[in-house]
2 protein chains.
Amino acid sequence: MENPDAAHLRKVEVCLSPALFPVYYSNKNCVVVVIDVFRATSAIVTAFDNGIKEIIPVSSIEEAKEYKEKGYFVGAERKGEIIEGFDFGNSPFSYMQDQLKGQTVVLTTTNGTKALNRAKAADRVIVGSFLNLTAVINYLREQKKDVLLLCAGWRDRFNMEDTLFAGAVVEGLIEDPLFGNLADSATASMHLYQVAKDDLNEYLKNTSHRRRLARLNLEKDIAYCLQRDISSNVPELVGNALTVK
Amino acid sequence: MENPDAAHLRKVEVCLSPALFPVYYSNKNCVVVVIDVFRATSAIVTAFDNGIKEIIPVSSIEEAKEYKEKGYFVGAERKGEIIEGFDFGNSPFSYMQDQLKGQTVVLTTTNGTKALNRAKAADRVIVGSFLNLTAVINYLREQKKDVLLLCAGWRDRFNMEDTLFAGAVVEGLIEDPLFGNLADSATASMHLYQVAKDDLNEYLKNTSHRRRLARLNLEKDIAYCLQRDISSNVPELVGNALTVK
């Protein structure tokens, strides 16, 4: 393994809210990892696991409606629930249907798709979730660029599950000394992950979005989204659509 | 101790960057604690420990200059250093001079005074640092209002030392069950503090602002600012000036 001098270390930062993206994003030549564990980025990874061709993330319900009128399959979620008139929301289980294989799907969610669209300026934008944790780490280690982990949060607030995932990525990255320039946000996220990682579900029991989803009877979704490394897909934003190689 | 039902619990949140203040501040009837451990809020607490009458925080160097021309003592710091032409910067040691006793001091710093001015909309705004940790906790427990811990950060980015202090306050608050409604940001800050608290100085060794100050030979300031509970002063913003009772 190479042992680069300090000046050539890659910077690893965590942007804990999409509202801070303009503060952190000063470097076009970095990889942005968009994170919305409950549930947009977990659903996106699951969609590709199940053979969906591409996903077009849109920020507004109006845009989603326009695609729906053109005949697309459209997922639309706000505050944890499916919006009336759309095909599904952001439950990973909705993306396992046979009829979606090979199709283009349009998706709008409370936090995740907005974060994706905010990140578009970057050189490379990928999607991370616990489901494809190691695949994301391997992708970043191959790219050898600065890394900005963008937590979708909850309505621009900090949330725990996205931060824990960011910390899991940091823990994996620093095994390579090239990724030795950790911002405080990266160190903090990693240390939180280390507190939580032996039992993520238990650690998250009292967090806000976890409680919100439990009230909506989404325990099965939560358990699904907290599985680590069941996917090797790394969805990447190319133009306006997410695809996998 | 009272044991209130869930609906009456006070909300405790941590705003990890001043740029997020508009996202978190929706509740005029809360106490905002402004935190800039290295070094503005530590210096402010120290100033009152040493008999300064009041401190006027200003955001810009231009405002600071106007006060200077009027004959005020004026502290001005940017990027860790004293700005030429001013009396001092934000080292706590600068505020221990006899000539400042009973005086009004004007202060502008890179992060802390901007956070103070951003917080002005709130019902009550106080200043926290490790130096007055328990005094701040006691003040908040007496007020029995929602609590918003506002980290000054570093140029709108997350920083470690302010987050750790926020976590220390959360740890103290939850001994009273009234403060049982923790946002994820509060839980995360508390858990980080619990990782770090046995040796704050060691934990902070590799953090960004700590390194920045060490390069400026400010080790003595760092050690001073990391002392817990040497002050019982809780500076409060009343109008445009900080004072203590």
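Details of the structure are given in the entry above.
Computed from a predicted model, the values in this text were never measured in an experiment.

S.K.: Teacher, can you tell me more about the overall build of chain A here?
M.R.: Tallying secondary structure elements over chain A gives 10 helices and 11 strands in all. Its C-alpha atoms give chain A a radius of gyration of 17 Å, within 12% of the compact-globule value 18 Å for 245 residues. In terms of principal-axis extent, the alpha carbons of chain A reach across some 55 × 40 × 30 Å. Burial analysis of chain A (245 residues in total) assigns 60% to the buried set. A separation threshold of at least 6 residues defines the contact pool for chain A, and within that pool the share at least 24 residues apart is 77%. Of the roughly 9,600 Å² of accessible surface on chain A, 45% is carried by carbon and sulfur atoms. Averaged over its 29 positive side-chain charges, chain A has a centre that lies 3 Å from the centre of its 32 negative ones.

S.K.: How do you make sense of the packing of helix α5 (residues 133-143) of chain A against helix α6 (residues 160-173) of chain A when you look at a structure like this?
M.R.: For any two helices packed against each other, one specifies the inter-axial angle together with the distance between the axes. All names here are of chain A. Here α5 crosses α6 at 50 degrees, and the two axes come no closer than 9 Å. By the angle between their axes, α5 is oblique relative to α6. α5 and α6 meet at a crossing whose hand is right-handed. Contacts between α5 and α6 involve Leu133, Val136, Ile137, Leu140 and Arg141 from the former and Phe165, Ala168, Val169, Gly172 and Leu173 from the latter. Residue composition of the contact of α5 with α6, by class: 8 nonpolar, 1 polar and 1 charged.

S.K.: So what exactly am I meant to see when it comes to helix α2 (residues 40-49) of chain B here?
M.R.: Each turn of an α-helix holds 3.6 residues, which means side chains three or four residues apart point in the same direction. By the criterion of burial, α2 of chain B is predominantly enclosed, with 9 of the 10 residues buried. Phi turns positive one or two residues past the end of α2 of chain B, at Gly51 of chain B, with a value near 85 degrees.

S.K.: Before we go on, may I ask you to explain the relation of the copies chain B and chain A in this structure?
M.R.: Relating the two copies of this chain is a rotation about some axis coupled with a shift parallel to it. When chain B is fitted to chain A, the residual RMSD is 0.0 Å, and the transformation amounts to a turn of 180 degrees plus an axial shift of 0.0 Å. Those values place the two copies in the arrangement expected of a two-fold rotation axis. Within chain B, the C-alpha atom positioned nearest to the axis of rotation is that of Leu192 of chain B, 3.3 Å from it. The residues that chain B uses at the interface reappear at the interface of chain A in 96% of cases, marking a shared surface.

S.K.: Would you mind showing me how to read the pairing of strand β3 (residues 54-57) of chain A here?
M.R.: Successive residues of a regular strand alternate their side chains across the two faces of the sheet. Residues and elements named next belong to chain A. What you see with β3 is no split at all: Glu54 and Ile56 on one side and Ile55 and Pro57 on the other are buried throughout. Taken together, the 4 bridges between β3 and strand β6 (residues 104-108) define a ladder with parallel strand orientation. Residue pairing in the sheet places Ile55 in a bridge with Val105 of β6.

S.K.: Explain empty space enclosed by the protein here, please?
M.R.: With a probe scaled to a water molecule rolled over the atoms, the places where space remains empty come into view. Tallying each qualifying case throughout the model produces 3 cavities of 30 Å³ or more. In this structure, the largest cavity encloses a volume near 80 Å³. Looking at the largest cavity, it is lined by 14 residues, and the ones nearest its centre are Leu16, Phe158 and Leu192 of chain A together with Phe158 and Leu192 of chain B. Those elements that provide at least two residues to the lining of the largest cavity are α7 (184-196) of chain A together with α7 (184-196) of chain B. Residue classes in the lining of the largest cavity are distributed as 8 nonpolar, 6 polar and no charged. Of the pockets and cavities examined, the second largest cavity occupies roughly 50 Å³. The wall of the second largest cavity is formed by Asp36, Phe38, Arg39, Glu77, Gly80, Asn90, Thr110, Asn111, Trp154, His209 and Leu213 of chain B. In terms of residue class, the lining of the second largest cavity is made up of 3 nonpolar, 5 polar and 3 charged.

S.K.: Could you clarify how one ought to interpret the side chain of Asp184 of chain A in this entry?
M.R.: Residue position: Asp184 of chain A is located in helix α7. Note on Asp184 of chain A: relative accessible area 2%, which makes it buried. Apart from the residues within four sequence positions on either side, Asp184 of chain A is in contact with Phe158, Asn159, Met160, Glu161, Thr207 and Ser208 of chain B.

S.K.: Explanation requested: the interface of chain B and chain A in the structure shown.
M.R.: Interface size is commonly expressed as the accessible area that is lost once the parts come together. Contacts between the two partners involve 27 residues from chain B and, on the opposite side, 26 residues from chain A. Of the roughly 2,100 Å² buried between chain B and chain A, counting both surfaces, carbon and sulfur atoms make up 59%. On the chain B side of the contact with chain A, Arg157, Phe158 and Asp184 of chain B bury the most area, a combined 31% of that side's loss. Its salt-bridge partner being Arg157 of chain B, residue Glu13 of chain A comes within 3.0 Å of it at the nearest N-O pair. Across the contact surface, chain B and chain A share 10 residue pairs in polar contact (both at pLDDT 80 or more). For the side of chain B that touches chain A, the elements supplying multiple residues, two or more each, are α1 (21-24), α6 (160-173), β9 (181-182), α7 and α9 (208-215) of chain B. When residues in the side of chain B that touches chain A are grouped by element, the largest group, 7 residues, is from α7 of chain B. Of the residues in the side of chain B that touches chain A, the class split is 12 nonpolar, 8 polar and 7 charged.

S.K.: Looking at this structure, I do not really get the pairing of strand β7 (residues 124-128) of chain B. What am I missing?
M.R.: Residue and element names in this part refer to chain B. β7 sits mainly inside the fold: 4 of its 5 residues count as buried. Note that strand β2 (residues 30-35) and β7 share 5 bridges and pair parallel. Looking at β7, one finds that Val34 is bridged to Val127.

S.K.: So what exactly am I meant to see when it comes to the environment of Val127 of chain B here?
M.R.: Residues and elements named next belong to chain B. Positionally, Val127 belongs in strand β7. Accessibility expressed as a relative area gives 0% for Val127, which makes it buried. Ignoring anything within four residues of it in the chain, the contact list for Val127 reads Val34, Thr41, Ile44, Val45, Leu116, Asn132, Val136, Pro235 and Leu242.

S.K.: Before we go on, may I ask you to explain the packing of aromatic side chains in this structure?
M.R.: Under the criterion given, the structure shown has 12 aromatic pairs over all chains. Each ring, one from Tyr67 of chain B and one from Tyr72 of chain B, has its centre 5.0 Å from the other, and the planes form 85 degrees; the classification is edge-to-face. Its relative accessible area of 22% is what places Tyr67 of chain B among the partly exposed residues. Its relative accessible area of 30% is what places Tyr72 of chain B among the partly exposed residues. Arg212 of chain A extends its terminal NZ or CZ atom over the ring of Trp154 of chain A, reaching a point 3.7 Å from the ring centre. Directly above the aromatic system of Tyr67 of chain B lies the positively charged group of Lys70 of chain B, at a separation of 5.2 Å from the ring centroid.

S.K.: What exactly am I supposed to notice about the layout of surface pockets here?
M.R.: By volume, the largest pocket is sized at about 270 Å³. Lining the largest pocket are 14 residues; nearest its centre among them are Trp154, Arg157, Ser208 and Arg212 of chain A together with Lys11 of chain B. Counting only elements with at least two residues in the lining of the largest pocket, the list comes to α9 (208-215) of chain A together with β1 (11-15) and α7 of chain B. Counting residues per element, the lining of the largest pocket draws most heavily on α9 of chain A, at 4 residues. Counted by class, the lining of the largest pocket contains 4 nonpolar, 2 polar and 8 charged residues.

Each value, and the rule that gives it
Residues numbered from 1 in each chain as written. Chains lettered and ligands numbered in written order. Predicted model: local features only at pLDDT ≥ 70, side-chain atom pairs only at ≥ 80, totals over all residues. Heavy atoms only, no water. Helix = DSSP H or I, 4+ residues; strand = E, 2+ residues; numbered from the N terminus. Rg over C-alpha atoms; globule rule 2.2 N^0.38 Å. Buried < 20%, exposed > 50% of the residue type's maximum accessible area, 1.4 Å probe, protein only. Contact = heavy atoms within 4.5 Å. Areas by Shrake-Rupley, 256 points an atom, 1.4 Å probe, with all protein chains shown as cover. Lys, Arg positive; Asp, Glu negative; His and termini not counted. Charge placed at Lys NZ, Arg CZ, Asp CG, Glu CD. Axes fitted to C-alpha atoms, helices over the stretch in contact; angles between N-to-C directions. Parallel < 35°, antiparallel > 145°, perpendicular 65-115°, else oblique. Left-handed = near helix turned anticlockwise from the far one by under 90°. Nonpolar A, V, L, I, M, F, W, Y, C, P; charged D, E, K, R; others polar. Least-squares fit on C-alpha atoms with pLDDT ≥ 70 in both. Pairing = 2+ DSSP bridges. 1 Å grid on protein atoms, 1.4 Å probe; cavity = no way out; pocket = protein on both sides within 12 Å on 5 of 7 lines; lining within 4 Å. Points joined across faces, edges and corners; volume = space filled by probe spheres on them. Buried area = accessible area lost by both parts, 1.4 Å probe. Salt bridge = Lys/Arg side-chain N within 4 Å of Asp/Glu carboxyl O. Polar contact = N/O pair within 3.5 Å; in protein donor to acceptor, adjacent residues only side chain to side chain. Phe/Tyr/Trp six-rings, centres within 6.5 Å; stacked < 30°, edge-to-face > 60°. Lys NZ or Arg CZ within 6 Å of the ring centre and 35° of its normal.

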